[in-house]
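Architecture and fold: a report
Residues per chain are reported as follows:
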Amino acid sequence: RTCTGAWNEHGDSCLVDHPMECFTQLKSSDAICECGEAGVAPASPPPPPSPCDEQSWPDVDHGLVCGPCKVLVDNFETTYGTCGGYCASINRTCTGAWNEHGDSCL
């Protein structure tokens, strides 16, 4: 079989937290994986790209995108001070802020 879809889950459930690529390494004890016949195209199209173009955002730590419009920010304290400051630097509004664990999205 071959991977046809991958998602990080939320709270040990089948609730999707965010989509992933089939070969994305994840520091988590579990994930949602969809497997199809080898060489057979997935039944559903891949999820749409993020509307935010996170790859163009500055100071994304280790290139880590944690979900749509959500990144791990490097140089946080010295450059931005707050998530509001980071979002303002890219002409966006802060809609959520979390402390990370071990340079991950956890």
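Located above this text is the structure these notes cover.
Residues numbered from 1 in each chain as written. Predicted model: local features only at pLDDT ≥ 70, side-chain atom pairs only at ≥ 80, totals over all residues. Heavy atoms only, no water.

As a further point, take the overall build of the protein. Looking only at helices and strands, the protein features two helices and five strands. The order of helices and strands in the protein, counted from the N terminus, is β-β-β-β-β-α-α. For the protein, buried positions account for 23% of its 106 residues. In the protein, once contacts between residues fewer than 6 apart in sequence are set aside, the share between residues at least 24 apart is 38%. (Helix = DSSP H or I, 4+ residues; strand = E, 2+ residues; numbered from the N terminus. Buried < 20%, exposed > 50% of the residue type's maximum accessible area, 1.4 Å probe, protein only. Contact = heavy atoms within 4.5 Å.)

Of all hydrophobic cores here, the largest spans eight residues; its members are Cys52, Trp57, Val60, Val71, Val73, Tyr80, Tyr86 and Ile90. Among residues more than four places away in sequence, those in contact with Tyr80 are Pro58, Asp59, Val73, Asp74, Asn75, Gly85, Tyr86 and Ser89. (Core = buried A, V, L, I, M, F, W, Y, C linked by side-chain atoms within 4.5 Å.)

Non-glycine residue Asp53 carries a positive phi angle of around 50°. Position of Asp53 relative to the elements: it lies in the loop between strand S3 (32–36) and strand S4 (60–67). Owing to a relative accessible area of 46%, Asp53 belongs among the partly exposed residues under this scheme. The backbone phi angle of His62 is positive, close to 55°, even though this residue is not glycine. Assessed through its relative accessible area of 62%, His62 is described here as exposed.

Time to look at the environment of His18. Looking at the secondary structure, you find His18 in strand S2 (residues 16–20). What makes His18 buried here is its relative accessible area of 8%. Excluding residues within four positions of it along the chain, His18 makes contact with Trp7, Asn8, Cys66, Gly67 and Pro68.

On to the side chain of Ser104. With respect to the secondary-structure elements, Ser104 resides in the segment after helix H2 (83–89). Here Ser104 is in contact with Leu64 and Leu72, once residues within four sequence places are set aside.

Treat this as a map of the structure, not an account of what it does.
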